[in-house]
Amino acid sequence: MRLLLVVLLGLGTGACVKSELALPDDPLSQAATCSAVRALELRQGGSETPSFEGFTEILHFAMIAAAADDVQVDLRRLVTVTQRAPDVMAEIQDKAWPTLIEPCNAAFPQSQRNPAPLQPDPYEAGMTCFAMADFVAKTAVDYPDAQRRAAAISGQALAAAQPVLQRRARSDAEAERIVAGYAARAFKAGRPAAFLAQCGRRFPPPPAAQPEAADED
């Protein structure tokens, strides 16, 4: 994800606004376009380097596209979106990209809403939070504090879910399939940073991980 972030935020917004744009029909191209538009919005707001929350907002479109069937996460789709986004940004930065903001909000409503409260059941909440936090821990390489905190949350969440998971998964492959299903639902639940903040409150990291968390919640 580092290449996506560097390329997207490194491009200028341009000064010449031209004809109105429309979203493409292909779902993956839509996600790449909206990822580029969100990066341009952040840069226009003066964010040379986005916050961790901004990073998750840019990446969220790829996450939603990867979880299109609500059953499993297809990482190939996620990679396709993140690879296309910089090219799209270069193409639209000197055009009327702000006209795409509302179409993107409509096409990806999950990017505009906060997630619902976590389920009371420790297994359900633990699996969902583990799936999200583990993904963030593996992708937020430019945000080491957030990355460490996500890793700590994932460990706490998995510990809560593990007794039931061990009964339901007969193999490592089956456990991975179950986690991927929870990831698909978590990716589409709402804003990733808000979701992770909920998980941090439900499954707080050990004290050693708390100082890095101060600015993330």
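Here we summarise the structure given alongside this text. (Residues numbered from 1 in each chain as written. Predicted model: local features only at pLDDT ≥ 70, side-chain atom pairs only at ≥ 80, totals over all residues. Heavy atoms only, no water.)

## A closer look at the side chain of T33
The residue T33 is located in helix α2 (residues 27-44) in this model. In this view, T33 contacts L23, P24, V88 and L100; residues no more than four positions away in its chain are not counted. (Helix = DSSP H or I, 4+ residues; strand = E, 2+ residues; numbered from the N terminus. Contact = heavy atoms within 4.5 Å.)

## Quick look at empty space enclosed by the protein
Across all of its chains, the model carries two cavities of 30 Å³ or more by this definition. Its boundaries defined by the atoms lining it, the second largest cavity holds a volume of some 40 Å³. What lines the second largest cavity is simply F55, T56, L59, M63, F135, V136, T139 and P192. Of all elements in the fold, only α3 (52-66) and α6 (122-139) reach the threshold of two or more residues within the lining of the second largest cavity. Looking at the lining of the second largest cavity residue by residue, the classes come out as six nonpolar, two polar and no charged. (1 Å grid on protein atoms, 1.4 Å probe; cavity = no way out; pocket = protein on both sides within 12 Å on 5 of 7 lines; lining within 4 Å. Points joined across faces, edges and corners; volume = space filled by probe spheres on them. Nonpolar A, V, L, I, M, F, W, Y, C, P; charged D, E, K, R; others polar.)

## Describing the layout of surface pockets
Volume-wise, the largest pocket comes out at about 360 Å³. Considering the residues around the largest pocket, the lining is formed by 16 residues, among which L75, D134, F135, K138 and A183 are closest to the centre. Of all the secondary-structure elements, those providing two or more residues to the lining of the largest pocket are α4 (75-92), α6 and α8 (172-187). If one sorts the elements of the lining of the largest pocket by residue count, α6 sits on top with six residues. The class makeup of the residues in the lining of the largest pocket is eleven nonpolar, two polar and three charged.

## Topic: the packing of α3 against α6
Each pair of packed helices can be described by the angle between their axes along with the distance between the axes. α6 packs onto α3 with a crossing angle of 110 degrees between their chain directions and a minimal axis gap of 12 Å. The angle between α3 and α6 falls in the class roughly perpendicular. Each of F52, F55, L59 and M63 in α3 lies in contact with α6, whose residues at this interface are M132, F135, V136 and T139. Class assignment for the residues of the contact of α3 with α6 results in seven nonpolar, one polar and no charged. (Axes fitted to C-alpha atoms, helices over the stretch in contact; angles between N-to-C directions. Parallel < 35°, antiparallel > 145°, perpendicular 65-115°, else oblique.)

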